[in-house]
Amino acid sequence: MDDDLISMTLEEVRGYAHATLTAVGLSPAHVTAVAETMVAGERDGCGSHGLYRLLVAAHSVAVGTVVPDAVPVLTSPRAGLIRVDGGGGFAQLAFETGRAPLVAAARANGIAALALNNIVHFAALWPEVEALAEDGLVALACTPSHAWVAPAGGTKPLFGTNPIAFGWPRPGSLPFVFDFATSKVARGEIELHRRAGKPVPPDWGHAADGSTTTDAEAVLAGAMRTFGGHKGSALATMVELIAGPLIGDLTSAGSLAADAGRKGSPIGGELILAIDPAGFLGTAAADHLTRAEAVFAGIEGQGARLPGARRHAARAVSLRDGVRVPRRLIADIDAVVRDAAR
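Just so we're clear, the structure is a prediction, and the values are computed from it rather than from any experiment.

A. Examining the overall build of the protein more closely. Secondary structure assignment for the protein yields 13 helices and eleven strands. Its C-alpha atoms give the protein a radius of gyration of 20 Å, near enough to 20 Å, the size a compact globule of 342 residues would have. In terms of its C-alpha atoms, the protein occupies a principal-axis envelope of roughly 55 × 45 × 45 Å. By residue count, 49% of the 342 residues in the protein fall in the buried class. When the accessible surface of the protein is totalled, it reaches about 15100 Å², and 60% of it is carbon and sulfur. Where the 29 positive side-chain charges of the protein centre and where its 34 negative ones centre are 4 Å apart.

Okay, structure coming up:
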């Protein structure tokens, strides 16, 4: 029913996110960085990564998972390698701290990597790779999370949802961007089903005893599944390695152990790679990027949808008409703010 939804402009979404994050104790720099990812989620029709994430962020602050006034520290251990120690704060400010140096290093060396260490991550990766693609770079990002996902053939949690995101700059168009969990579905989607009292498909996860279930709460208490069986499991393993031990940070099992039952957001690291097309192609880069458009035309020409196209279509509508947010969600967020003020 329409009465169950509240209409908001994107500026109202931004203001509400700022007010809520400030009320729960985040410092101004973190408020600005974190709020923008939530605005992007609502703008692009990704409700599980929009204002809903205020509940997630507020809980992580309340239980001490995140350092609310952490100051990221940037170093460069080698040419082309950038490291930002987030100091236990949310990942968004750490990324903003490393973004410009990463872009500069990629343009100077052709390719560069940014390691975000000691961060708390609760948001999608696509805003990060999209920002780098808008800077003209090809970007790849990945991060482990909490051990919520069983490997293919198993039923016990070991991996995180371990998302992978990719961005490609397109002349005269929005970047080509995809971002997907290596789990069958993002954990936030299961949580939204739980909140709505809706069953989940039987291939989304296992109950704690290893049995198949359509009960969202049982999956959250048990183990999620990887997408694509052993293929998703292999990709999840890759993410564990290159965004964990390779950069000196936690695996998903380590993140869950560090959480110590607080049920806060994942703790650990993120790896971002950025490639400057001109590094390979020099002055011919623009010509080859234009030639790449034939790939996209070939996909759309046979009626297939480009990954990210749905987000871009939703963006066009929300920029014009605003968004509609569940009234119950706003009430729940307001309750969190009241509790924080006591």
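B. Structural detail: the environment of Ala274. Position of Ala274 relative to the elements: it lies in strand 10 (residues 267-275). The buried category is assigned to Ala274, whose relative accessible area is 0%. Put simply, Ala274 and Gly167 are 107 residues apart on the chain and 9.3 Å apart in space, counted from C-alpha to C-alpha. Among all residues touching Ala274, those that are not within four sequence positions of it are Leu102, Ala106, Gly110, Ile111, Ala112, Leu137 and Val138.

C. Structural view of the pattern of salt bridges. As enumerated under the stated definition, the model contains 14 salt bridges in all. Of the charged contacts in the structure, one is a salt bridge between Arg170 and Glu293, with a shortest N-O distance of 2.6 Å. On the criterion of sequence distance, the pair formed by Arg170 in the loop between strand 6 (164-168) and strand 7 (176-180) and Glu293 in helix 11 (residues 285-301) is long-range, its members being 123 residues apart. When sorted by exposure, Arg170 lands in the same class as Glu293, which is buried. A cluster of three or more residues bridged by salt bridges with shared partners is formed by Arg43, Asp44, Glu130, Arg311 and Arg315.

D. A look at the side chain of Ser60. When you line up the elements, Ser60 lands in helix 3 (residues 53-62). Taking relative accessible area as the criterion, Ser60 reaches 0% and is therefore assigned buried. At 2.9 Å, the side chain of Ser60 forms a polar contact with the side chain of Ser265.

E. Representation of the sheet that holds strand 10 in the model. On the basis of which strands lie adjacent, the open sheet formed by seven strands has the order 2-3-4-10-5-6-7 and mixed pairing. Because the sheet does not close on itself, it has two edges, and the strands there are strand 2 (73-78) and strand 7. Sheet twist, expressed as the average angle between the axes of neighbouring strands with direction ignored, equals 15°. Strand direction decides the pairing type here: strand 6 and strand 7, joined by five bridges, are antiparallel. Bridge pairing in strand 7 links Phe166 to Phe178.

Analysis parameters
- Residues numbered from 1 in each chain as written.
- Predicted model: local features only at pLDDT ≥ 70, side-chain atom pairs only at ≥ 80, totals over all residues.
- Heavy atoms only, no water.
- Helix = DSSP H or I, 4+ residues; strand = E, 2+ residues; numbered from the N terminus.
- Rg over C-alpha atoms; globule rule 2.2 N^0.38 Å.
- Buried < 20%, exposed > 50% of the residue type's maximum accessible area, 1.4 Å probe, protein only.
- Areas by Shrake-Rupley, 256 points an atom, 1.4 Å probe, with all protein chains shown as cover.
- Lys, Arg positive; Asp, Glu negative; His and termini not counted.
- Charge placed at Lys NZ, Arg CZ, Asp CG, Glu CD.
- Contact = heavy atoms within 4.5 Å.
- Salt bridge = Lys/Arg side-chain N within 4 Å of Asp/Glu carboxyl O.
- Polar contact = N/O pair within 3.5 Å; in protein donor to acceptor, adjacent residues only side chain to side chain.
- Pairing = 2+ DSSP bridges.
- Axes fitted to C-alpha atoms, helices over the stretch in contact; angles between N-to-C directions.

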